[in-house]
Amino acid sequence: MTVEEVYSIRIVDVRRRSVDFHTTILASLNLLKDTDSRRFSRVTKNLDWIVNTSLSTPGAEYWHWAHACAINFEESWPERDVEFSIAFHAALLVHEATHAYLECRGIRYDEDKRLRIEALCVKEQNRWAASLDNEELGKMLNQKFDPEDWDFSWNGSKLDHFKAAIRNSITAKEAEQD
């Protein structure tokens, strides 16, 4: 397992499936740096780690105890559009860094606030996407906030999350072998 430090953030690929994770994340960070200095600063100041690991849900999570953005990176996207993948992961970084930013300001992610926090994080990633020069890409990245998308994250038991993470890990390994 290799740890690479870029812009004061340690990038680690726990899954060690391909070089795509490191190159995509580096390109995503550079895209943020080139397009939005404020959000790039939020990412670099609030995240210590970006980790590729198996999660119970697609996308990413903010791990407050490690100041980390954990990503369930998918190497096996059919006919992977590299430009979209880079921008998609940049949007994930904006979303998760917004969680970190709020937490650093004493706004804890709890049952009473999670709906508003997720809505704000989605708004931030959408604002960034809308600012891209490539309007079509920005539209493709736009995510409509729907609380039902977070139902499993919020209401699934620890055992259900564990099983889903294992299932996602096994599914990814099977896809590699095809």
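Scroll up to find the structure this text is about.
Calculation notes
Residues numbered from 1 in each chain as written. Predicted model: local features only at pLDDT ≥ 70, side-chain atom pairs only at ≥ 80, totals over all residues. Heavy atoms only, no water. Helix = DSSP H or I, 4+ residues; strand = E, 2+ residues; numbered from the N terminus. Buried < 20%, exposed > 50% of the residue type's maximum accessible area, 1.4 Å probe, protein only. Contact = heavy atoms within 4.5 Å. Areas by Shrake-Rupley, 256 points an atom, 1.4 Å probe, with all protein chains shown as cover. Axes fitted to C-alpha atoms, helices over the stretch in contact; angles between N-to-C directions. Left-handed = near helix turned anticlockwise from the far one by under 90°. Core = buried A, V, L, I, M, F, W, Y, C linked by side-chain atoms within 4.5 Å. Salt bridge = Lys/Arg side-chain N within 4 Å of Asp/Glu carboxyl O. Expected span 1.5 Å × (residues − 1). Polar contact = N/O pair within 3.5 Å; in protein donor to acceptor, adjacent residues only side chain to side chain.

Enquirer: Help me get a handle on the overall build of the protein chain, residues and values and all.
Expert: Along its length, the protein chain carries 7 helices and 5 strands. Across the 178 residues that make up the protein chain, the buried fraction comes to 44%. For the protein chain, contacts bridging at least 24 residues in sequence account for 56% of all contacts bridging at least 6. For the protein chain, the accessible surface area stands at approximately 10100 Å², while carbon and sulfur atoms represent 51% of it.

Enquirer: Break down the packing of helix H2 (residues 37-46) against helix H3 (residues 82-104) for me, citing the residues and quoting the values.
Expert: Look at H2 against H3: their axes get within 9 Å of each other, and the N-to-C directions meet at 65 degrees. For H2 against H3, the interelement crossing comes out left-handed. Along the contact surface, H2 presents Arg-39, Arg-42, Val-43 and Asn-46, while H3 presents Leu-93, Val-94, Ala-97, Thr-98, Ala-100, Tyr-101 and Cys-104.

Enquirer: I'd love a proper account of the nonpolar core, names of residues and values included.
Expert: By size, the foremost hydrophobic cluster in this structure holds 30 residues, and its most contacted members are Leu-29, Ile-50, Ile-71, Leu-93 and Trp-128. Looking at this core, the elements that each hand over two or more residues are strand S2 (9-13), helix H1 (20-35), H2, strand S4 (59-63), strand S5 (68-72), H3, helix H4 (114-130) and helix H5 (135-141). Element by element, the count of residues in this core is highest for H3, at 9 residues. Excluding its chain neighbours within four sequence positions, the residues that come into contact with Leu-93 are Ser-28, Leu-29, Leu-32, Val-43, Leu-47, Ile-50, Cys-69 and Ile-71.

Enquirer: Describe the pattern of salt bridges, with residues and values.
Expert: Note on pairing: side chains with opposite charge can pair once their charged atoms come close. Per the stated rule, a full pass over the model turns up 6 salt bridges. Here Arg-39 ties to Asp-36 by a salt bridge, and the two come within 2.5 Å at their closest N and O atoms. Assessed through its relative accessible area of 7%, Arg-39 is described here as buried. The class of Asp-36 is buried, set by a relative accessible area of 11%. One salt bridge in this structure joins Glu-124 and Arg-127, with 2.6 Å as the shortest N-O distance. Separated by 3 residues within a single helix, Glu-124 and Arg-127 lie in helix H4, roughly one turn from each other. For Arg-127, a relative accessible area of 41% gives the class partly exposed. Several salt bridges converge on common partners, so that one network encompasses Asp-36, Arg-39, Arg-42, Glu-124 and Arg-127.

Enquirer: I'd love a proper account of H3, names of residues and values included.
Expert: Between its first and last C-alpha atoms H3 spans 33 Å; for 23 residues at 1.5 Å apiece the expected length is 33 Å, and the two agree. The element H3 is extensively covered by neighbouring structure, given that 18 of its 23 residues are classed as buried. Measuring from the side-chain oxygen of the N-cap residue of H3 to the backbone nitrogen of Glu-83 gives 3.1 Å; that N-cap residue is Asp-81. Among the residues trailing H3, Gly-106 stands out with phi positive, at a value near 85 degrees.

By themselves, these observations are geometric and do not establish any function.
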